[in-house]
Amino acid sequence: VSSCSTAGTIPTGTNAGSYTVYYYVAGNTNYNSKSGSVNVTISKKADAITITAKTGSYTGSAQTATFKTTSGLTPTVTYYSNSSCSTTVSGSPVNAGTYYAKATTAGNGNYNAASMACTKAVTISKAANTLTLSANSATYTYPTAGTFTVTKNTSGGALSCTTSNSAVATCSISGTTVTVTPGTAEGAATITVKSTATTNYNAGQVAHVATTGA
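J.: Would you explain the packing of aromatic side chains in this entry?
T.: Applying the stated criterion to the full structure yields one aromatic pair. Between Y58 and Y201 the ring centres are 5.5 Å apart and the planes differ by 75 degrees, which places this aromatic pair in the edge-to-face class. Of the two residues, Y58 sits in the loop between β5 (54–57) and β6 (66–69) while Y201 sits in the loop between β16 (187–195) and β17 (204–213), which places them 143 residues apart along the sequence.

J.: When you look at the sheet that holds strand β8 (residues 97–105) in this model, what are you seeing that I'm missing?
T.: Pairing between the strands of a sheet is mediated by backbone hydrogen bonds and can be parallel or antiparallel. Taking strand neighbours across the sheet as the criterion, the four strands line up as β5-β9-β8-β7 in an open arrangement whose pairing is mixed. Because the sheet does not close on itself, it has two edges, and the strands there are β5 and β7 (76–80). On average, each strand axis in the sheet is inclined to that of its neighbour by 25 degrees, with strand direction left out of account. With eight bridges joining them, β8 and strand β9 (residues 114–125) adopt antiparallel strand pairing. For A103, the partnering residue across the bridge sits in β9 and is M116.

J.: Any chance you could explain unusual backbone geometry here in plain terms?
T.: Both trends apply: most residues other than glycine have a negative phi, and most peptide bonds are in trans. Looking along the chain, the bond that leaves Y142 and enters P143 is cis, with omega of 5 degrees. Inspection of the secondary structure assignment puts P143 in the loop between β11 (137–141) and β12 (146–153). One non-glycine residue, C85, lies in positive phi territory at about 50 degrees. Tracing the chain through its elements places C85 in the loop between β7 and β8. Residue classification places C85 among the buried residues on the basis of a relative accessible area of 7%.

Definitions and limits used
Residues numbered from 1 in each chain as written. Predicted model: local features only at pLDDT ≥ 70, side-chain atom pairs only at ≥ 80, totals over all residues. Heavy atoms only, no water. Phe/Tyr/Trp six-rings, centres within 6.5 Å; stacked < 30°, edge-to-face > 60°. Helix = DSSP H or I, 4+ residues; strand = E, 2+ residues; numbered from the N terminus. Pairing = 2+ DSSP bridges. Axes fitted to C-alpha atoms, helices over the stretch in contact; angles between N-to-C directions. Buried < 20%, exposed > 50% of the residue type's maximum accessible area, 1.4 Å probe, protein only.

None of the figures reported here should be taken as evidence of function without further support.
Here's what the structure looks like:
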């Protein structure tokens, strides 16, 4: 690229590249005129990629870290499920877990290509498991069994139940139906319904108070 300017003005360049600057100095009474050229090179600048890691709980949607570059270029990001960045994730992280990332830029006319080493990028914790019942308490009369149902089990984990006093009442589960069988002793027993943890949800539990009478 060649460059010239009006008298008294020094030409300048902004973008990276090689320039030829031509000059002319007018002579006067004591000096002859002079003309010539100089070669000027503006080198590309180094780019840098920085990351702001993301921490959150499972939502069912993708969660991503925030990447910025000195150049303003948008980096290409690949997520991994292990700290050695050898097992790639399809797309962006969704499920609970710890994810790592590598990022690169291709560079442009003014910036060199850049890369970011394997770095912890996204941490997604398991979400709370919500369990709800059709009834949180009921009265049962020996020897007639009664039932209630699990109306919500966010995790979808396996259900089980326990009793705080088997002499008062016992329980069993089939599907989402909990059967309470009153015992021979009168009183109250807490029937605890539990759901196991899954990939994205913690274990959960909810109580049903069973009161028995003759």
